[in-house]
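Listed below, chain by chain, are the residues.
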Amino acid sequence: MGKFVLKRLLALIPTILIIVFVVYFILDLTPSSPGQLILGQMATEEAVEAKNIELGYDKPFLVRYVKYIIQLFQGDLGTSWVTGKGVLESVFARFPVTVTLSAGATVLGIVIGVLLGILAAVKQYSIFDAAGTTLAMILASFPAFWIGMMLVILFAQELGWLPSYGTGSIAHYILPWFTTACAFIASQLRMTRTSLLESIRMDYVRTARAKGQKESVVIYRHALRNALMPVVTMAGMNFGTLLGGTVTVETVFTLNGVGTLILTSIRSKDVPVVVGAIVILAICYTLVMLVVDILYGFIDPQVKARYIKN
Amino acid sequence: MEEKKTLLEIKDLEVIYQTDEATVHAVNGINFSLNEKETIGLVGETGAGKTTTALTILRLLPERTGRIKGGQVLFRGENLLDKSVPEMRRVRGAEISIIFQDPMTALNPALTVGDQVLESLEIHNTAGKSKQELNARVDELFNLVGIPAERKAEYPHQFSGGMKQRIVIAIALACAPQLLIADEPTTALDVTIQAQVLKLMENLKEELGTSMIIITHDLGVVAETCDKVAIMYAGEIVEAGTVEDIFNGKEHHPYTVGLFNAIPNLDEKEERLRPIDGLMPDPANLPQGCKFGPRCPHFTEACKAQTPYIYEEKEHRIMCNLFKKEAADE
Ligand SMILES: Nc1ncnc2c1ncn2[C@@H]1O[C@H](COP(=O)(O)OP(=O)(O)OP(=O)(O)O)[C@@H](O)[C@H]1O
Ligand code: SF4
Ligand SMILES: [Mg+2]
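Everything quoted here is computed from the prediction, not taken from an experiment.

Draft legend 1. Up close: the coordination of the magnesium ion (ligand 3). Residue and element names in this part refer to chain B. Note on the magnesium ion (ligand 3): its protein donors are T51 (OG1) and Q101 (OE1). The metal-donor distances range over 1.8 to 2.8 Å. Remark: Q101 occurs in the loop between strand 6 (96-99) and helix 3 (103-106) and T51 occurs in helix 1 (residues 50-57); sequence separation between them is 50 residues. Residue class for Q101 comes out partly exposed when judged on its relative accessible area of 28%.

Following this line, the structure appears as structure tokens:
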């Protein structure tokens, strides 16, 4: 088990090297002057020049990349060119909002998606199945920002039930949660339905029926448990993706999350923050997927046996 | 010999599968009966309707497609086809058990084998036994089928095919059913294991006095284990009788003759029997009259005209016009 975790963590290293390279490279395509950003518009040209040299910005791209990587592996993510604050600190300040948003949306997606998926599969070809499948299609095909705006218009502006921006309370999160969850509800519903339909056809489900077991127990104890594997993976992947992918929703609802931090930092060419935030998200994503893999073990004894052997 | 009591009687049973593309006539009016402590072998090539017959007895046909069009399944005089769903649940696993074709997939991979045996006991625990008593019974069942009871906390993937089949048998026997249906219990196993499992089933039958329906395409298995035989072809029983009738009788259905001719040599065992030239007709599109007609060496126009003559001599029944002619000649 420990070996397995270690292996996964080591795999992070090349991932980070590549991510940093790509992000760095893209940001480098447009000229930037960190000296100007740090010293402000009023600074003299000589001072700006001197600062750039101090930061090593006169050096070629690869040299800067290698230097950054070395610092990174020493645990130093650098400081923001714009605010002068530590990158780690700035990202973590924004983290709670993004995590709350992602986690809430994932939970909503799982609960609603899985329940509707079960209903659709158990009552295949019925009205529930048709309604569920149609709902999944609708939810998946409308873009998040559009759904977000519609929810704002309806629940914030027309009905006035919920706030449309900010992060003061749980109520503030309800609309963003639902907006973010839409795509998940769709994917979880479809995944649960397909997976459950498949496992309902398995021989061991027939064995359970042949024992005289009640249909509800047959579904819950025998079919569902085996159908859950792909659903868990997907939920984990969804959550991981969300951590870095809530920009749209954060923007629509003016939430100060990591997504908006990256967005504003790209606009202001605050390279250390952009790269640092993305590296942190990549690490989080890997950790989430690791947890998902460990969760597997609890569902599938075959996988558990494999961990223990490794 | 003591008076035989009828346990199961199947009358004019007709089952179809209604799919979007076709109506599959899987079982077409079969009749057979089974006494207490007796074993009947249901023999026939793939697609003959053997599994369908077994599923129908337990009312486990696929819900959407499988339909029982007519007939009766009398179990101790009661028609199972008239029972409500909860009544049927009390029969399944308690009075009639089934062992399915493939032991590799018959067990739930996510539950320990002990829990899967225990489940049967819990469902039918009408006597309100304690958890300890039930667990003791699980141990007993494991010993009965020859698996150390300590291994009950393991998962199916930790067992070999033959051992899985033993566990499946333990599940089926848990509540001491009066009737055990074994659908090709050994086909998926290799030859040495086959013999072991058959021996085990034979012993259990002797000990527990369970009646059995053994579904197989292996006449060797039938000869070893059965009292009666029913030969199925295209959803019909073309010949039925005692083992003596089938193995040593003078009169036979041409299909049975083909089956015996096709028994492979010991050293070149075939997967499936291919007794006679040609294939079984598509059950979605059955021929007129005798369904064996297109493959029969004795085919005449009369065979096509209507369902064949039924020859009967005590328990021996053959569905073929050949014997009608004989009767007329004499
Ligand atoms: N769910 C189903 N839907 C449609 N047709 C089916 C279904 N199950 C079985 N059939 C068809 O019904 C016929 C009888 O099938 P059945 O499984 O009873 O045969 P079998 O005698 O058990 O064969 P085998 O030796 O291969 O197990 C076959 O033609 C089969 O294709
Ligand atoms: S009824 Fe005719 S076709 Fe059918 S088996 Fe007998 S002889 Fe052959
Ligand atoms: Mg079969």
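Draft legend 2. Inspection of the side chain of T179(A) at higher detail. Relative to the assigned elements, T179(A) resides in helix 9 (residues 170-200). Contact partners of T179(A), with chain neighbours within four places excluded, come to A144(A), I147(A), G148(A), L151(A), V249(A) and F253(A).

Draft legend 3. Seen up close, the sheet that holds strand 1 (residues 6-18) of chain B. Residue and element names in this part refer to chain B. Within the open sheet, the four strands sit side by side as 2-1-4-5. Their pairing is antiparallel. Whereas interior strands pair on both sides, the edge strands pair on one side only; in this sheet they are strand 2 (23-35) and strand 5 (78-79). Pairing geometry for strand 4 (residues 66-75) and strand 5, over two bridges, is antiparallel. Among the inter-strand pairings, L74 is bridged to a residue of strand 5, identified as N79. Across the face of the sheet, helix 1 comes into contact with strand 1, strand 2 and strand 4 while running at roughly 115° to strand 1.

Draft legend 4. Representation of the domain arrangement of chain A. Residues and elements named next belong to chain A. Each assigned domain of chain A is listed here: domain 1 (2-73) and domain 2 (88-309). Here domain 1 and domain 2 have C-alpha centroids that lie 33 Å from each other. Among the residues of domain 1 in contact with domain 2, F4, R8 and L27 are the three that bury the most area, contributing 33% of the side total. For the interface between domain 1 and domain 2, the tally reads zero salt bridges. At the surface where domain 1 touches domain 2, the tally comes to one residue pair in polar contact (both at pLDDT 80 or more). When residues of the side of domain 1 that touches domain 2 are traced back to their parent elements, those giving at least two are helix 1 (2-10), helix 2 (12-28) and helix 5 (61-73). In terms of residue count, the dominant contributor to the side of domain 1 that touches domain 2 is helix 2 (seven residues). Each residue belonging to the side of domain 1 that touches domain 2 can be placed in one class, and the counts come to 15 nonpolar, two polar and one charged.

Draft legend 5. Looking closely at the pairing of strand 12 (residues 316-319) of chain B. Residue and element names in this part refer to chain B. Looking at chain direction, strand 10 (residues 236-242) and strand 12 are connected through two bridges and run antiparallel. The residue bridging E239 from the neighbouring strand is I318, located in strand 12. Strand direction decides the pairing type here: strand 11 (residues 310-313) and strand 12, joined by four bridges, are antiparallel. Residue pairing for strand 12: Y311 is matched across the bridge by I318. Counting the residues that bridge the hairpin from strand 11 to strand 12 gives two residues, and of these K314 lies at a positive phi of roughly 55°.

Draft legend 6. Quick look at the domain arrangement of chain B. All names here are of chain B. As far as domains go, chain B holds domain 1 (6-95 + 177-272) and domain 2 (106-174). The C-alpha-based centres of domain 1 and domain 2 are spaced at 25 Å. If you look at the interface, domain 1 gives 17 residues, while domain 2 gives ten residues. The interface formed by domain 1 and domain 2 contains zero salt bridges. Summed over the shared surface of domain 1 and domain 2, the number is three residue pairs in polar contact (both at pLDDT 80 or more). At the level of secondary structure, the elements contributing two or more residues to the side of domain 1 that touches domain 2 comprise helix 2 (85-91) and helix 7 (191-208). Element by element, the count of residues in the side of domain 1 that touches domain 2 is highest for helix 7, at eight residues. Split by residue class, the side of domain 1 that touches domain 2 holds eleven nonpolar, two polar and four charged.

Draft legend 7. Layout of the layout of surface pockets. What the largest pocket holds in volume is close to 1,200 Å³. Forming the walls of the largest pocket are 31 residues, and the residues nearest its centre are R209(A), L61(B), P62(B), E63(B) and R64(B). Those elements that place two or more of their residues in the lining of the largest pocket are helix 6 (87-122), helix 9, helix 10 (203-210) and helix 11 (215-245) of chain A together with strand 4 and helix 2 of chain B. Partitioned by chemical class, the residues of the lining of the largest pocket number 14 nonpolar, four polar and 13 charged.

Draft legend 8. Quick peek at the site of ligand 1. Residue and element names in this part refer to chain B. T46, K50, T51, T52 and Q101 are the nearest of the 17 residues found near ligand 1. In this structure, an oxygen atom belonging to ligand 1 sits 2.6 Å away from a side-chain N or O atom of T51. E184 places a polar side-chain atom, nitrogen or oxygen, 3.1 Å from an oxygen atom of ligand 1. Bound to the protein, ligand 1 loses 72% of the 640 Å² it would expose on its own.

Draft legend 9. Up close: the environment of I310(B). Residue and element names in this part refer to chain B. Checked against the element boundaries, I310 lands in strand 11. Note on I310: relative accessible area 37%, which makes it partly exposed. Each C-alpha atom of the pair I310 and L173 lies 37 Å from the other, and the pair is 137 residues apart in sequence. The contact partners of I310, leaving out residues within four places of it in the chain, are R317, I318 and M319.

Draft legend 10. Molecular detail of the packing of helix 6 (residues 161-173) of chain B against helix 7 of chain B. Residues and elements named next belong to chain B. Between helix 6 and helix 7, whose axes approach to 10 Å, the crossing angle comes to 20°. Viewed along their axes, helix 6 and helix 7 adopt a mutual orientation that is roughly parallel. Judged by the twist between their axes, the crossing of helix 6 over helix 7 is right-handed. Two secondary-structure elements touch here, helix 6 through G162, Q165, R166, I169 and L173 and helix 7 through I193, Q196, V197, L200, M201, L204 and L208. Tallied by class, the residues present in the contact of helix 6 with helix 7 amount to eight nonpolar, three polar and one charged.

Draft legend 11. The interface of chain A and chain B, seen in detail. Counting residues at the interface gives 19 residues for chain A, matched by 25 residues for chain B. Three residues stand out in chain A for area buried against chain B, namely R206(A), K211(A) and R221(A), and they jointly supply 29% of the buried area on that side. For the pair chain A and chain B, the number of links is two salt bridges. Here E119(B) and K211(A) are joined by a salt bridge, their closest N and O atoms 2.7 Å apart. In this assembly, chain A and chain B are joined by twelve residue pairs in polar contact (both at pLDDT 80 or more).

Rules used throughout
Residues numbered from 1 in each chain as written. Chains lettered and ligands numbered in written order. Predicted model: local features only at pLDDT ≥ 70, side-chain atom pairs only at ≥ 80, totals over all residues. Heavy atoms only, no water. Donors = N, O, S within 2.8 Å, 3.2 Å for Na, K, Ca; no water. Helix = DSSP H or I, 4+ residues; strand = E, 2+ residues; numbered from the N terminus. Buried < 20%, exposed > 50% of the residue type's maximum accessible area, 1.4 Å probe, protein only. Contact = heavy atoms within 4.5 Å. Pairing = 2+ DSSP bridges. Axes fitted to C-alpha atoms, helices over the stretch in contact; angles between N-to-C directions. Domains from an automatic or database assignment. Buried area = accessible area lost by both parts, 1.4 Å probe. Salt bridge = Lys/Arg side-chain N within 4 Å of Asp/Glu carboxyl O. Polar contact = N/O pair within 3.5 Å; in protein donor to acceptor, adjacent residues only side chain to side chain. Nonpolar A, V, L, I, M, F, W, Y, C, P; charged D, E, K, R; others polar. 1 Å grid on protein atoms, 1.4 Å probe; cavity = no way out; pocket = protein on both sides within 12 Å on 5 of 7 lines; lining within 4 Å. Points joined across faces, edges and corners; volume = space filled by probe spheres on them. Near = heavy atom within 4 Å. Areas by Shrake-Rupley, 256 points an atom, 1.4 Å probe, with all protein chains shown as cover. Parallel < 35°, antiparallel > 145°, perpendicular 65-115°, else oblique. Left-handed = near helix turned anticlockwise from the far one by under 90°.

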